[in-house]
Amino acid sequence: MSDLDGTLLQNNQTVSDYTKRAINELVSRGMLFTFATARSMETADIVTNGLKISAPCVLYNGVFVRDIDNSIILSHLFAERDKNIVSELISAGIFPIVYSIIGGREKFSFIAEKLNHATAEFIKTRKECARYNPVQTERELLYGDMFYITCMGEAEKLTPFYNRYKNEYYCVYSNDIYSGEQWLEILPKRATKANALCELKKLLDCRLVVFGDGKNDIEMFGVADECYAMENAVDELKAIATEVIKSNNSDGVAKQLLKLYKS
């Protein structure tokens with residue numbers, strides 16, 4: 001089980017040809033391989049194109065687990081009462097991106113004219129996405145079954161909300177590895193990579209080997225049989241890893257899998 005950004009993906013957000021060949025060969029020999037990511041189904045599929053996935057994958061940091069036939073086998077959504085998070089953020093001048101299932105389709109909604117620079121730049125890169133859903137009002141932000149809230153911007157504004165919500169919800173508070181912007185991601189309490197991996201381990205009855213680079217991989221490392229931190233990983237993850245391996249730009253995941261699968 002590999003994280004994507006900063007782990008399986010190079011810094012240019014692609015999987016190298018070497019890694020594709022190595023993993024695809026191991027999968028053809030019977031290895032179960034998949035990924036756990038904060039990405040959506042759509043963007044995860046784009047960056048892993050050409051890679052053989054032989055087990056269910058974890059999306060949105062654990063909100064959904066998708067089987068290899070594209071069916072959703074596990075999901076965690078916010079309750080109706082949790083929609084007050086959006087109102088509280090807006091009252092403080094923070095205008096989030098809200099991810100929801102609307103009419104059976106996944107959408108991310110935002111009030112375009114209210115976005116700060118960091119959020120607007122993020123949205124700009126996804127303008128052609130089928131999930132793109134600009135709205136006019138706070139009420140429209142709350143349509144559908146909400147499952148993920150993303151805020152970007154100044155730490156001074158975001159830190160108080162991280163401290164406020166971190167015990168009631170699953171919160172990821174980190175700097176984006178590509179833009180360097182401060183992010184606060186708020187998810188349902190059970191929506192974690194670790195919880196999703198525990199369910200998958202039961203389902204597949206297998207030895208769980210994981211790879212990661214960020215703070216949001218710490219809990220995932222805690223439920224693994226073996227856990228490998230990339231050379232470019234945060235120090236907190238390296239401290240609890242079975243071993244620190246080569247970086248994401250040096251095909252670290254593939255090279256370690258080749259070693260492990262021979263043993």
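Bear in mind that the values here come from a model prediction, so they are computed numbers and not experimental data.

## Details of the environment of Cys-198
Piece 1. Tracing the backbone shows Cys-198 in helix α8 (residues 193-204).
Piece 2. It is 9.0 Å that separates the C-alpha atoms of Cys-198 and Met-220, two residues lying 22 residues apart in sequence.

## Looking at helix α7 (residues 155-165)
Counting along an α-helix, one turn takes 3.6 residues, and residues three or four places apart therefore face a common direction.
Piece 1. Those residues of α7 that fall on the buried side of the exposure criterion are Leu-158, Phe-161 and Tyr-165. Down the axis, α7 shows its buried residues gathered within 65° of arc, on one side only.
Piece 2. Contacts from the buried residues of α7 go to α4 (84-91), β7 (145-153), β8 (170-175) and β9 (182-187).

## Looking at the pattern of salt bridges
Piece 1. Evaluation of the coordinates by the stated rule reveals 12 salt bridges.
Piece 2. Lys-193 is paired through a salt bridge with Asp-3; the nearest N and O atoms lie 3.0 Å apart. Of this pair, Lys-193 sits in helix α8 while Asp-3 sits in the segment before α1 (4-8), and the two are 190 residues apart along the sequence. Exposure class is identical for Lys-193 and Asp-3. Each is buried.
Piece 3. Across the pair Arg-39 and Asp-5 runs a salt bridge, and its minimum N-O distance is 2.8 Å.

## So, the environment of Lys-83
Piece 1. Relative to the helices and strands, Lys-83 is located in the loop between β3 (72-75) and α4.
Piece 2. Separated by 62 residues in the primary sequence, Lys-83 and Asp-145 have C-alpha atoms spaced 9.6 Å apart.
Piece 3. For Lys-83, the residues in contact, after removing those within four places along its chain, are Leu-142, Tyr-143, Gly-144 and Met-146.

## Observations regarding unusual backbone geometry
Piece 1. With phi around 50°, Tyr-60 is a residue other than glycine that occupies positive phi space.
Piece 2. Tracing the backbone shows Tyr-60 in the loop between β1 (57-59) and β2 (64-66).
Piece 3. Backbone geometry places Asp-251, a non-glycine residue, at a positive phi of 60°.
Piece 4. Examined against the element boundaries, Asp-251 turns out to sit in the loop between β12 (243-245) and α11 (252-262).

## As for the side chain of Asp-217
Piece 1. By the element assignment, Asp-217 lies in the loop between β10 (209-212) and α9 (218-222).
Piece 2. Residues contacting Asp-217, with those up to four places away along its chain left out, are Asp-3, Lys-193, Gly-212 and Leu-237.

Conventions used here
Counting of residues starts from 1 at the beginning of each chain's written sequence and follows it residue by residue. Local features in this predicted model are restricted to residues of pLDDT 70 or higher, and side-chain atom pairs are both shown and tallied only at a pLDDT of 80 or more, whereas totals for entire chains, interfaces and linings draw on every residue. Processing note: side-chain calculations cover all non-hydrogen atoms of the structure and skip hydrogens and water entirely. Numbered from the N terminus, helices here are DSSP runs of H or I no shorter than four residues, and strands are runs of E no shorter than two. Partly exposed residues are those whose accessible area sits between 20% and 50% of the maximum for their type, while under 20% is buried and over 50% is exposed, using a 1.4 Å probe and protein chains only. Our arc is simply the arc of the directions from the helix axis toward the C-beta atoms. What makes two residues a contact is simply this: any of their non-hydrogen atoms within 4.5 Å. When a carboxyl oxygen of Asp or Glu is within 4 Å of a side-chain nitrogen of Lys or Arg, the pair counts as a salt bridge.

By themselves, these figures tell us nothing about what the structure is for.
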